[in-house]
Amino acid sequence: MQAIAAGLSFVGRRLMQAALVMLAILIIAFAVKDALGDPLREILGEAVPEAQREELRRELGLDRPWPEQLARYLGGAVKGDLGTSTIYKRPTLGVILAKFPASFELVLGASLIVLLFSVPAGVYCAVRPRTRGAQLILGLSVLGISIPVFLTGILLITLFSVWLGWLPAFGRGDTVRLGFWDTGLLTWDGLKHLILPALTLSSIMLPLFIRLVRGAMLDELGHDYVRTARAKGASPLRVWLAHALRNALLPLVAIGGLQVGTLIAYTLLTETVFQWPGMGFLFLEAVTRADIPLITTYLVFVGLLFVVTNTIVDIVSLMLDPRIGLEGA
Amino acid sequence: MSAEMVRTAPRALLAFAAERPGAALAAIILGSIAFAAALAPLLAPQDPFDLTSFDLLDAGRPPAWLKGSDPRFLLGTDAQGRDLFSAILYGTRISLIVGVLAVAIQAALGVPLGLLATYRGGRVDTVVTRAADIQLSLSTLMMAIIVLALFRAGLGGESLSRYAVPLLVVVIGVAEWPYFARTARAAAQVEAVKDYVRAARALGGTGLGIVTRHILPNILSPLIVLATTQIAGAIMAEAALSFLGLGMPVTKPSLGTLIRSGYDLMFAGAWWVTVLPGLVLIAVLISVNVLGDALRDLLDPRRVAR
């Protein structure tokens, strides 16, 4: 009973923290927008008489002191209004959300590849460290870590698109609309377009996760309970998978979740190489064309992803291992 | 370093090279690339920064071993007719300089902070450790992308081009100080309880003197190993940023910029403009990483014994 109360108070505290961080991110976004963007010029253009400028300035509330403007920005943010894109002339959040499915499906594809390969490969390298297979996997993972993600993409394109002509090199291909979600997963063309980008993105995460799984497994295999389980007559495979791997996965959830910033950066690079119409590609377009509202909205959105993931990881870690975080509660 | 060590060092290095041929090969590759990059002004047949020294008529020549090549251009030319060999030499130079300087900043910030945390302990230690955690959770590449993107959107591509080198060095340098702080702190804490430190303290040494004169020299090994892998990371980060158009400009290309500017030509069949600088970048990164692994084994005897 006490443990549940402590757990709930931990979750409550964690949610408070998340809200505070989001507030800080919004204030930074407001400051950036305030310092870099001139909404009047964006709306009216350069050649507009001063009187008309003044009028619009008053109308938009830009002549008010900045605390009032900040309050207005935060009020809008709560309702999902973070400004209007100067390129697209539409609400920025809508523009970004329209690109979200593309990025999400790319990350999903890469994550599937990583999950499918990293766990077996990592476990194998831990339980059979001296085999040639394990050496080969670890050698390849050094190679994978050493090659920047955009170069992996370029090399894959060179090989499979330019030289062999097997797979498409850019774009998402045919997509199907499901409500608000544009998916490329339901058409053969869309899936074909996903292969190279997903492989590219996974190439940088896979070595990392193989090493993590291997390291965590090695740690677990050294524990007494593994020897006890073996002594009781459990088969090695059962000990590895049912006991050691289960415990090894816990730190992995935490470390994997904390990499979300890096993952977003790698996704952005992959999208650039493959001209994948996702959020990262959109962000770079916004940067090139100095669309300040779109840029700040992207920052807020990425910040939100970051905060939500970290909060979920903390809470999930707590549920998987009640020892974490309760001492201070 | 004692005279004894200086005398036996070459033989120890040779023995190590025989034991780890991969590391020796990496050292030779990295050494030649760095040497060629350092001597770029002497070795390069052309000044790639001087727009008047190349001709659009020479654009898109393939490397010497392909059909249609021109003997003047060993590795072919890019879309502007720039000699790719010269561009790669100068580009490698910029990549290496940015990487090394960024890591210098990381170390200059991180090592003193880590030592300070050990030496002061208590609240200072807590603050440094927490700050390091927060900084690391922000992801270097994402932070660098955001900072440079805001710089570019706010002040324009012109200013970004002008200040690219210092900006990249500072952004990559500041983002990763925690690695040096953590390593310095962990190593210093191990040293701080050893007898020689106690002896120095008993002899009346002050905290700062003990840290700089006694502890720092004894924690250099892990810091050197860390610096090696950090340089690979910094070079990779610079290349990624330049590839995104947020780093070195086309007029002063690093390897990342060359890869980016050649990328458009790839579908026109001129794959070399992108792939060749890419291969040089990969060679540098793999060599540095392999050397880092070898250095770790060389400087940390416990790992070799395993």
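Residues numbered from 1 in each chain as written. Chains lettered and ligands numbered in written order. Predicted model: local features only at pLDDT ≥ 70, side-chain atom pairs only at ≥ 80, totals over all residues.

For the rest of this paragraph, the subject is the overall build of chain B. Helix and strand content of chain B: 14 helices and zero strands. Written out in order from the N terminus, the α and β elements of chain B read α-α-α-α-α-α-α-α-α-α-α-α-α-α. Its C-alpha atoms give chain B principal-axis dimensions of roughly 75 × 50 × 30 Å. Relative to its 306 residues, chain B shows a buried fraction of 45%. (Helix = DSSP H or I, 4+ residues; strand = E, 2+ residues; numbered from the N terminus. Buried ≥ 20, exposed ≤ 12 C-beta atoms within 10 Å, placed from the backbone.)

This part covers the overall build of chain A. Check the secondary structure of chain A and you find 13 helices and two strands. Per-residue burial over chain A gives 35% buried out of 329 residues. Summarising the internal contacts of chain A: among those between residues at least 6 apart in sequence, 70% fall at separations of at least 24. (Contact = placed C-beta atoms within 7 Å.)

A separate point is the interface of chain B and chain A. With 30 residues of chain B in contact, the opposing surface of chain A contributes 27 residues. If you list the elements that add at least two residues to the side of chain B that touches chain A, you get helix 6 (140-162), helix 11 (220-243), helix 12 (255-266) and helix 13 (272-299) of chain B. Of all the elements, helix 6 of chain B adds the most residues to the side of chain B that touches chain A, at nine residues. For the side of chain B that touches chain A, the residue count by class is 23 nonpolar, six polar and one charged. (Nonpolar A, V, L, I, M, F, W, Y, C, P; charged D, E, K, R; others polar.)

The next point concerns helix 8 (residues 177-192) of chain B. Residue and element names in this part refer to chain B. Over its 16 residues, helix 8 runs 22 Å from end to end, which matches the ideal 22 Å to within 8%, given 1.5 Å per residue. Of the positions making up helix 8, those classed as buried are W177, P178, Y179, F180, A181, R182, T183, A184, R185, A187 and A188. On its buried face, helix 8 sits against helix 4 (84-120), helix 5 (122-137), helix 7 (164-175), helix 10 (207-218) and helix 11. (Expected span 1.5 Å × (residues − 1).)

Okay, unusual backbone geometry next. Residues and elements named next belong to chain A. Its identity as a non-glycine residue notwithstanding, K89 has a phi of 55°, on the positive side. Within the fold, K89 resides in the loop between helix 4 (66-78) and helix 5 (92-127). The residue Q275 is not glycine, and still its phi comes out positive at about 45°. With respect to the helices, strands and loops of the structure, Q275 is situated in the loop between helix 11 (260-274) and helix 12 (279-288).

Attention now moves to the packing of helix 4 of chain B against helix 5 of chain B. Residues and elements named next belong to chain B. The N-to-C vectors of helix 4 and helix 5 enclose an angle of 150°; their axes lie 7 Å apart at closest approach. In this view, helix 4 runs roughly antiparallel relative to helix 5, as classed from their interaxial angle. When the axes of helix 4 and helix 5 are compared, the crossing they make is left-handed. Facing L113, L116, A117 and R120 of helix 4, the residues of helix 5 in contact are G122, V124, D125, V128 and T129. Taken together, the residues of the contact of helix 4 with helix 5 break down into five nonpolar, two polar and two charged. (Axes fitted to C-alpha atoms, helices over the stretch in contact; angles between N-to-C directions. Parallel < 35°, antiparallel > 145°, perpendicular 65-115°, else oblique. Left-handed = near helix turned anticlockwise from the far one by under 90°.)

A few words now on helix 6 (residues 132-146) of chain A. Between its first and last C-alpha atoms helix 6 of chain A spans 21 Å; for 15 residues at 1.5 Å apiece the expected length is 21 Å, and the two agree. By the burial criterion, the buried members of helix 6 of chain A are I137(A), S141(A), I145(A) and S146(A). In this structure, the buried side of helix 6 of chain A is in contact with helix 5 and helix 8 (188-221) of chain A together with helix 13 of chain B.

A word on the nonpolar core. Ranked by internal contacts, the top residues of the largest apolar core, which has 160 residues, are I295(A), Y298(A), I145(B) and A240(B). Counting residues per element, this core draws most heavily on helix 4 of chain B, at 18 residues. (Core = buried A, V, L, I, M, F, W, Y, C linked by C-beta atoms within 7 Å.)

Residues and elements named next belong to chain A. The geometry of helix 5 relative to helix 12 is characterised by a closest axis approach of 7 Å and an angle of 135° between their N-to-C directions. The angle between helix 5 and helix 12 places the two elements in the oblique class. Along its contact with helix 5, which presents I96, K99, F100 and S103, the element helix 12 presents M279, G280 and L282. The class makeup of the residues in the contact of helix 5 with helix 12 is four nonpolar, two polar and one charged.

On to the environment of V32(A). Among the secondary structure elements, V32(A) is positioned in helix 1 (residues 2-36). C-alpha separation for the pair V32(A) and T296(A), spaced 264 residues apart in sequence, amounts to 7.2 Å. Once residues lying within four places of it in the same chain are set aside, the contact partners of V32(A) are T296(A) and L150(B).

Let us now look at the environment of M22(A). Residue and element names in this part refer to chain A. With respect to the helices and strands, M22 occurs in helix 1. Along the primary structure M22 and V213 are separated by 191 residues, whereas in three dimensions their C-alpha atoms are 32 Å apart. Those residues in contact with M22, other than ones at most four positions away along the chain, are G303, L304 and V307.

This part covers the confidence of the model for chain B. All names here are of chain B. Of all residues in chain B, 91% have pLDDT values of 70 or greater, and the mean over the chain is 82. Mean pLDDT in chain B bottoms out at helix 14 (residues 301-305), which sits at 49, and peaks at helix 11, which reaches 91. For this predicted complex, the interface score ipTM comes out at 0.80, alongside a pTM of 0.84. (pLDDT = per-residue confidence, 0-100.)

What follows deals with the confidence of the model for chain A. Looking at chain A, the pLDDT average stands at 80 and 89% of residues meet or exceed 70. Confidence scores differ between elements of chain A, with helix 2 (residues 39-44) of chain A showing the lowest mean pLDDT of 61 and helix 12 of chain A the highest of 89.

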